[in-house]
Amino acid sequence: MSIYQKRIFAALLGALYLLAGAATLIAVAIPEIGIIEILGITGDPAGGFILIVIGGTLFYGYLELSRGINEGVAFLHVGIALALVFGMIRLLSIGAEFATMALFEDEMITLGMLREELVPVLYLAVIALAGFIAWGKEFSAGLLRG
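The present account deals with the structure reproduced in this document. Per chain, residues are indexed from 1 in the order of the written sequence. With the structure being a predicted model, the display of local features is reserved for residues of pLDDT at least 70 and the display and counting of side-chain atom pairs for 80 or more, all residues being used for whole-chain, interface and lining totals. Side-chain descriptors were evaluated using all non-hydrogen atoms of the structure, hydrogens and water having been removed beforehand.

Moving on: the layout of surface pockets. What the largest pocket holds in volume is close to 260 Å³. Two kinds of site are reported from a 1 Å grid over the protein atoms alone, namely cavities, where a 1.4 Å probe fits but cannot get out, and pockets, open sets with protein on both sides within 12 Å along at least five of seven lines, and residues are called lining when an atom falls within 4 Å of a point. Surrounding the largest pocket, 15 residues form its lining, Asp44, Gly47, Arg90, Val119 and Val121 being those nearest its centre. Where the lining of the largest pocket is concerned, the elements lending two or more residues are helix H2 (45-66), helix H3 (72-104) and helix H5 (120-134). Numbered from the N terminus, helices here are DSSP runs of H or I no shorter than four residues, and strands are runs of E no shorter than two. It is H2 that contributes the most residues to the lining of the largest pocket, four residues altogether. Residues are sorted three ways: Asp, Glu, Lys and Arg are charged, Ala, Val, Leu, Ile, Met, Phe, Trp, Tyr, Cys and Pro are nonpolar, and all the rest, Gly among them, are polar. For the lining of the largest pocket, the per-class residue count stands at eight nonpolar, five polar and two charged. Grid points are joined across faces, edges and corners, and a volume is the space filled by probe spheres set on the points. Taken as a whole, the second largest pocket encloses approximately 160 Å³ of empty space. Lining the second largest pocket, in full, are Leu84, Gly87, Met88, Leu91, Leu122, Ala125, Val126 and Leu129. Broken down by secondary-structure element, the contributors of at least two residues to the lining of the second largest pocket are H3 and H5.

If you want it as structure tokens, here you go:
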């Protein structure tokens, strides 16, 4: 993949993470805004901070790549890794919560419950996964060189 494609990917995904993080923090400050709940954005300050850190990492990678500094690729890879790690943590947390409900509380899991758990850190991680798949060999090549 070309540097141009990486730059566009880093800019778009970084902007999405930054916007979702800002919206999450706004939802904390002004809980009356209900329109952002459509996107799964709730008033979670820690989640908003995580989204902003991931978005900042990706966007800084974009800035470095735009200046012609190839080390920006490292920021892109770290941003993708952060997105995947936090997405996986959220996915495991949801699985544990639903397993507890099903096994110990005899509560039925409804579609509404699943929709409530669909948060930006989870669905934006799917986009990051696409980037990881596209640059997977390059992403892991540094780990295998030793």
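Salt bridge, as used here: a side-chain nitrogen of Lys or Arg that lies within 4 Å of a carboxyl oxygen of Asp or Glu. Under the criterion given, the structure shown has two salt bridges. Here arginine 90 makes a salt bridge to glutamate 117, at a shortest N to O gap of 2.8 Å. In this pair, arginine 90 is assigned in helix H3 and glutamate 117 in helix H4 (residues 111-117), connecting sequence segments 27 residues apart.

Glancing now at the nonpolar core. One finds Phe9, Leu13, Tyr17, Leu58, Leu76 and Ile80 to be the most contacted residues of the largest nonpolar core, which totals 22 residues. Going through the elements one at a time, helix H1 (3-29), H2, H3 and H5 are the ones with two or more residues in this core. At six residues, the largest contribution of residues to this core is made by H3. Apart from residues lying up to four places away in sequence, leucine 13 is in contact with Leu58, Leu124, Ile127 and Ala128. Nonpolar cores were defined as sets of buried Ala, Val, Leu, Ile, Met, Phe, Trp, Tyr and Cys residues, with membership established by side-chain atoms within 4.5 Å. In this scheme, a residue with accessible area under 20% of its type's maximum is buried, one over 50% is exposed, and one in between is partly exposed, where area comes from a 1.4 Å probe on protein chains only. Residue contacts follow a heavy-atom distance rule, with two residues in contact if any of their heavy atoms lie within 4.5 Å.

Glancing now at the environment of leucine 63. Among the secondary structure elements, leucine 63 is positioned in helix H2. Sequence-wise, leucine 63 and valine 119 are 56 residues apart; in three dimensions their C-alpha atoms are separated by 27 Å.

On to the packing of H1 against H5, then. Across the interface, H1 lies against H5 with an axial gap of 11 Å and an inter-helix angle of 175°. Taken together, the axes of H1 and H5 lie roughly antiparallel to each other. Contact residues: Phe9, Leu13, Leu16, Tyr17 and Ala20 in H1; Pro120, Val121, Leu124, Ala125, Ile127, Ala128 and Gly131 in H5. When grouped by side-chain class, the residues that make up the contact of H1 with H5 number 11 nonpolar, one polar and no charged. In this analysis an axis means a line fitted to C-alpha atoms, helices contributing only their contacting stretch, and an angle means the value between N-to-C directions, from 0 to 180 degrees. Each angle receives one of four descriptions, namely roughly parallel if under 35 degrees, roughly antiparallel if over 145, roughly perpendicular if within 65 to 115, and oblique otherwise.

So, to be careful, I would describe these as geometric facts and stop short of saying anything about function.
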